[in-house]
Amino acid sequence: MPGSLACVGIGMTLGAHICPLAKSYIEQADVVFSGVSNGIVELWLQEMHSDVRSLQVYYKEGKSRHITYREMVDAILTEVRAGKKVVGAFYGHPGVFAHAPHKSIELAKDEGFDAVMVPGISAEDCLIADLAIDPGKFGCQQFEASQFMFYKRRFDPSCYLVLWQIGLAGDKSMAKFATGAAHRQVLIEILSTEYPLEHQVILYEAAVLPIDTIRKQTLTLAELADADIYMHTTLVIPPSQKMQPNQAVLNRLAEIEKEIELEAEREL
């Protein structure tokens with residue numbers, strides 16, 4: 001029987017976010033690879049399947065994550081090539097900030113295997129709900145924190161700015177599990193070109209276990225350097241300026257509407 005691959009999202013909060021389709025793939029698999037950051041979540045997966053293999057074993061302090069991700073993909077594809085129904089079960093959404101699911105599916109399809117991705121409730125979904133943010137109200141820009149620092153990105157202080165993986169901000173080695181205050185100070189300097197240092201920002205952490213407390217700590221941009229920040233901490237920066245009307249576009253649209261009205265009158 002030819003092998004197959006499904007990378008599924010199990011959501012952020014244990015047991016609460018998994019969809020029936022993801023659960024079905026896990027239960028019917030020959031082997032399940034687990035990409036979760038909490039041991040209790042892995043034990044929960046083991047209640048659904050007898051052969052759950054952790055991908056966390058490939059992480060190591062000082063080891064490049066490029067190597068780690070390649071080893072994860074190799075482990076997954078080895079079982080697919082052996083003709084097994086393989087599932088990669090990843091916390092949150094398997095396509096968000098997750099290299100191994102995307103690469104595994106890409107290679108599996110290139111080699112002629114069936115491969116699918118099943119979405120899950122992501123940290124972004126939880127953030128929107130927990131912080132009562134409507135992206136449609138002011139708009140929302142999102143960046144991975146280090147990428148935001150390494151490249152000249154245009155960001156708009158009249159919308160929400162979300163920086164993911166703030167705990168690794170400024171790491172070019174891909175081998176650390178955290179950076180420190182000095183790295184975050186560089187980020188603060190970049191942000192201070194558009195935001196006052198006294199501007200209120202939010203440190204956010206979603207609940208992984210039902211008993212967890214959601215973190216939504218408010219502090220000033222200047223205080224960010226010395227704050228307690230972890231790998232799963234996200235920085236949310238609310239707008240600091242009002243949206244500026246684009247009067248030239250508004251005038252042009254008004255002219256179009258006027259022309260439509262005149263055309264309608266002529267047809268009467």
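Residues numbered from 1 in each chain as written. Predicted model: local features only at pLDDT ≥ 70, side-chain atom pairs only at ≥ 80, totals over all residues. Heavy atoms only, no water.

Novice: Just checking my understanding: could you explain the side chain of Glu 42 for this structure?
Specialist: Among the structural elements, Glu 42 can be located in helix H2 (residues 39-48). Despite its burial, Glu 42 pairs with no opposite charge, the nearest such side chain being Arg 53 at 11 Å. When sequence neighbours within four positions are dropped, the list of residues in contact with Glu 42 reads Ser 34, Val 36, Val 52 and Ser 54. (Helix = DSSP H or I, 4+ residues; strand = E, 2+ residues; numbered from the N terminus. Buried < 20%, exposed > 50% of the residue type's maximum accessible area, 1.4 Å probe, protein only. Lys, Arg positive; Asp, Glu negative; His and termini not counted. Salt bridge = Lys/Arg side-chain N within 4 Å of Asp/Glu carboxyl O. Contact = heavy atoms within 4.5 Å.)

Novice: Can you help me understand the packing of aromatic side chains in this one?
Specialist: How two aromatic rings sit relative to each other is given by the distance of their centres and the angle of their planes. This structure, assessed with the given rule, holds five aromatic pairs. The interplanar angle of 55 degrees and the centroid separation of 6.2 Å between the aromatic rings of Phe 138 and Tyr 160 together place this pair among those described as tilted. Of this pair, Phe 138 sits in helix H6 (residues 135-138) while Tyr 160 sits in strand E7 (residues 160-164), placing them 22 residues apart in sequence. On the basis of relative accessibility, which here comes to 14%, the residue Tyr 160 falls in the buried class. Centroid distance Phe 155 to Tyr 195: 6.2 Å. Interplanar angle 15 degrees. Geometry classified as stacked. Within this pair, whereas Phe 155 is found in the loop between helix H7 (145-150) and E7, its partner Tyr 195 is found in the loop between helix H8 (181-191) and strand E8 (200-205), the two being separated by 40 residues in sequence. Tyr 195 sits in the buried class, given a relative accessible area of 2%. (Phe/Tyr/Trp six-rings, centres within 6.5 Å; stacked < 30°, edge-to-face > 60°.)

Novice: Could you clarify how one ought to interpret the nonpolar core in this entry?
Specialist: As a rule of thumb, soluble globular proteins bury nonpolar side chains together. Counting 23 residues, the largest nonpolar core has Phe 148, Leu 161, Leu 163, Leu 187, Leu 191 and Leu 235 as the members making the most contacts within it. Elements that contribute at least two residues to this core include exactly H7, E7, H8, E8 and strand E10 (234-237). Dropping the residues within four chain positions of it, Leu 163 is found in contact with Phe 143, Ala 145, Phe 148, Leu 187, Leu 191, Thr 234 and Leu 235. (Core = buried A, V, L, I, M, F, W, Y, C linked by side-chain atoms within 4.5 Å.)

Novice: Looking at this model, I keep getting lost on the pattern of salt bridges. Mind explaining?
Specialist: Note on pairing: side chains with opposite charge can pair once their charged atoms come close. Under the defined criterion, the tally for this structure stands at 10 salt bridges. Put simply, Arg 65 and Asp 171 hold a salt bridge, and the shortest N to O gap is 3.4 Å. In this pair, Arg 65 sits in helix H3 (residues 65-81) while Asp 171 sits in the loop between E7 and H8, placing the two residues 106 residues apart along the sequence. Note that Arg 266 is salt-bridged to Glu 263, the shortest N-O span being 2.8 Å. Placement of the pair is Arg 266 and Glu 263 together in helix H9 (residues 247-267), with a separation of three residues, close to one helical turn. When salt bridges that share partners are traced, they join Asp 51, Arg 53, Glu 79 and Lys 84 into one network.

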